[in-house]
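Close look at the chain arrangement
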Amino acid sequence: MTTPPESTTAAADARLPQTHPFAQHLRAVEAREATDPHRAWTPEDGPLPSLYLSHGGGPLPLQSPEWLDPLHAWARSLPRPKAILVVSAHWESAPLSISATRPDELVYDFGGFDPIYHSVRYDTPDASELARTTAALMPDAESAHQHTRRGLDHGAWVPLKIMYPAADIPVVQLSLPTEDPDKLLALGERLRPLREEGVLVVGSGHMTHGLPFITREMMTENKPAGWSADFDAWAADALDRGDVAELARFRTAAPGMPYAHPTVEHFTPLFVTLGAATDPTAPVTTTLDGYGLGLSRRSFQAA
């Protein structure tokens with residue numbers, strides 16, 4: 001496998017038009033880092049939180065200040081992690097699989113957008129140590145398959161590029177092996193020790209994801225349909241109460257189903273996030289709410 005040169009990400013970023021919102025974001029981040037460098041995690045900080053983030057539609061967050069600013073502010077509110085592990089809605093694979101530790105290419109798993117987004121890069125450092133540690137946390141009966149070429153999909157690289165644009169933190173992606181909340185909670189629990197080592201554990205999905213049911217009003221006015229608003233309110237209440245059992249019954253208990261999630265892979269990474277928390281039943285801290293294209297983008301961190 002050919003290792004991309006270290007300048008690949010920066011060179012691709014430099015080709016963006018200077019008026020592009022992400023180019024402006026990069027300049028703002030660079031200026032802030034020059035005067036206030038992001039503090040690195042140390043053991044004295046204790047475990048990092050686990051995150052559930054709504055990652056937006058394809059590359060749209062890269063051109064949207066309403067995503068750029070809050071996602072980067074969220075990253076800055078935490079110590080800079082030593083490494084990042086992501087479970088994304090866009091890689092459903094069983095048996096459990098781990099992405100390449102330094103892949104040649106990203107996965108550009110979207111269409112209908114400006115071709116410039118297919119030349120974006122996010123070439124992070126070698127993540128072999130994180131991959132080995134993650135694999136060692138799995139029981140013998142559920143060993144993780146190591147891919148040699150599979151890169152990060154947009155559920156991983158789009159939000160991480162906003163949050164940590166220098167691409168200088170090792171990242172691996174773990175597949176989403178099941179839709180069963182209990183099994184995903186157990187998977188998150190196995191990942192819990194990583195947080196004590198300065199690894200950021202991220203479940204990446206979208207709080208509502210009823211793409212087939214998006215209306216003209218949702219598209220043009222960002223006006224949520226009832227099913228999107230009702231599901232979001234239900235989830236927010238259960239998260240505030242730490243009611244994991246209620247969340248696990250989302251298929252039958254949540255208002256707005258199945259419109260909010262005609263397929264469930266954008267909700268179920270939430271259970272990995274909660275499982276990785278020190279106490280899955282503790283109230284979470286909401287870090288991003290509101291709507292994009294009428295879809296709830298509620299995101300949170302769990303201690």
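Since we're looking at a predicted model, the values are computed, not measured.

From N to C terminus, the chain includes eleven helices and ten strands. Taking 19 Å as the expected radius of gyration for a compact globule of 303 residues, we find that the chain reaches 18 Å, a close match to that expectation. Along the first, second and third principal axes, the C-alpha atoms of the chain reach 50 × 50 × 35 Å. Classification of the 303 residues of the chain by burial places 54% in the buried group. For the chain, contacts bridging at least 24 residues in sequence account for 82% of all contacts bridging at least 6. Of the roughly 12700 Å² that the chain leaves accessible, carbon and sulfur atoms contribute 53%. Computed over 24 positive and 38 negative side-chain charges, the separation of the two mean positions in the chain equals 2 Å.

Taken across its ten residues, helix 5 (residues 154-163) has ten buried, putting it largely inside the fold. Those residues of helix 5 lying buried are His154, Gly155, Ala156, Trp157, Val158, Pro159, Leu160, Lys161, Ile162 and Met163.

Moving on to the packing of helix 2 (residues 21-35) against helix 3 (residues 65-77). It is the contact of helix 2 with helix 3, at a shortest axis distance of 11 Å, that shows an interaxial angle of 30°. The angle between the axes of helix 2 and helix 3 places the two elements in the roughly parallel class. The two elements helix 2 and helix 3 cross, and the hand of that crossing is right-handed. Between helix 2 and helix 3, the contacting residues are Pro21, Phe22, His25, Val29, Arg32 and Glu33 on the first element and Leu68, His72 and Arg76 on the second. Residues of the contact of helix 2 with helix 3, tallied by class, amount to four nonpolar, two polar and three charged.

Next up on the list: helix 6 (residues 181-195). Given a rise of 1.5 Å per residue, 15 residues ought to cover 21 Å, and the 21 Å separating the end C-alpha atoms of helix 6 matches this to within 8%. The sharpest bend along helix 6 reaches about 25° and sits at Glu189, with the proline Pro193 one to four residues further on. Every buried residue of helix 6 is accounted for by Pro181, Leu184, Leu185, Leu187, Gly188, Leu191, Leu194 and Arg195. N-capping of helix 6 is provided by Asp180, with a side-chain oxygen placed 2.8 Å from the backbone N of Asp182.

We describe a pair of aromatic rings using the distance from one ring centre to the other and the angle between the two ring planes. Under the defined criterion, the tally for this structure stands at eleven aromatic pairs. When the centroid spacing of 4.9 Å and the interplanar angle of 75° are considered together, the rings of Phe213 and Tyr259 count as edge-to-face. One end of the pair, Phe213, is in the loop between strand 6 (199-205) and helix 7 (216-221); the other, Tyr259, is in the loop between helix 10 (250-253) and helix 11 (269-276), and 46 residues separate them in sequence. The exposure class assigned to Tyr259 is partly exposed, which follows from its relative accessible area of 40%. Aromatic side chains Phe231 and Trp234 sit 5.3 Å apart centroid to centroid with 55° between the ring planes, which places their arrangement in the tilted category.

Summed over all chains, the structure comprises 15 salt bridges. Salt-bridge contacts for Asp13 lead to Lys161; the nearest nitrogen and oxygen are separated by 2.9 Å. Of this pair, Asp13 sits in helix 1 (residues 8-14) while Lys161 sits in helix 5, and the two are 148 residues apart along the sequence. For Asp13, a relative accessible area of 12% corresponds to the buried category. Among the ionic pairs, Lys223 bridges to Glu217, the shortest N-O distance being 4.0 Å.

Bringing the nonpolar core into the picture now. Formed by 48 residues in total, the largest nonpolar core has its most connected members in Leu85, Met207, Phe231, Leu247, Phe267, Leu270 and Leu274. Per-element tally for this core: the top contributor is helix 8 (residues 226-241), with six residues. Once you skip the residues sitting within four places of it in the chain, Phe231 turns out to touch Met207, Thr208, Ala254, Pro255, Met257, Ala260, His261 and Phe267. Grouped together as the second largest cluster of nonpolar side chains are 36 residues, Leu26, Leu71, Val171 and Leu200 included.

Below, the discussion takes up the packing of helix 6 against helix 11. Look at helix 6 against helix 11: their axes get within 6 Å of each other, and the N-to-C directions meet at 45°. One way to sum up the angle between helix 6 and helix 11 is to call them oblique. For the pair helix 6 and helix 11, the crossing hand works out as right-handed. Facing helix 6, whose interface residues are Pro181, Leu184, Leu185, Leu187, Gly188, Glu189, Leu191, Arg192 and Arg195, helix 11 presents Phe271, Val272, Leu274, Gly275 and Ala276. The residue inventory of the contact of helix 6 with helix 11, partitioned by class, reads nine nonpolar, two polar and three charged.

Take the pairing of strand 2 (residues 83-92) next. Taken across its ten residues, strand 2 has eight buried, putting it largely inside the fold. Inspection of the sheet shows strand 2 paired to strand 6 by six bridges, in the parallel sense. Each residue of the ladder has a partner; that of Ala83, found in strand 6, is Val199. As paired elements, strand 2 and strand 5 (residues 171-176) share five bridges and run parallel to each other.

Calculation notes
- Residues numbered from 1 in each chain as written.
- Predicted model: local features only at pLDDT ≥ 70, side-chain atom pairs only at ≥ 80, totals over all residues.
- Heavy atoms only, no water.
- Helix = DSSP H or I, 4+ residues; strand = E, 2+ residues; numbered from the N terminus.
- Rg over C-alpha atoms; globule rule 2.2 N^0.38 Å.
- Buried < 20%, exposed > 50% of the residue type's maximum accessible area, 1.4 Å probe, protein only.
- Contact = heavy atoms within 4.5 Å.
- Areas by Shrake-Rupley, 256 points an atom, 1.4 Å probe, with all protein chains shown as cover.
- Lys, Arg positive; Asp, Glu negative; His and termini not counted.
- Charge placed at Lys NZ, Arg CZ, Asp CG, Glu CD.
- Axes fitted to C-alpha atoms, helices over the stretch in contact; angles between N-to-C directions.
- Parallel < 35°, antiparallel > 145°, perpendicular 65-115°, else oblique.
- Left-handed = near helix turned anticlockwise from the far one by under 90°.
- Nonpolar A, V, L, I, M, F, W, Y, C, P; charged D, E, K, R; others polar.
- Expected span 1.5 Å × (residues − 1).
- Bend = angle between axes of the 7 residues up to and from the residue.
- Polar contact = N/O pair within 3.5 Å; in protein donor to acceptor, adjacent residues only side chain to side chain.
- Phe/Tyr/Trp six-rings, centres within 6.5 Å; stacked < 30°, edge-to-face > 60°.
- Salt bridge = Lys/Arg side-chain N within 4 Å of Asp/Glu carboxyl O.
- Core = buried A, V, L, I, M, F, W, Y, C linked by side-chain atoms within 4.5 Å.
- Pairing = 2+ DSSP bridges.

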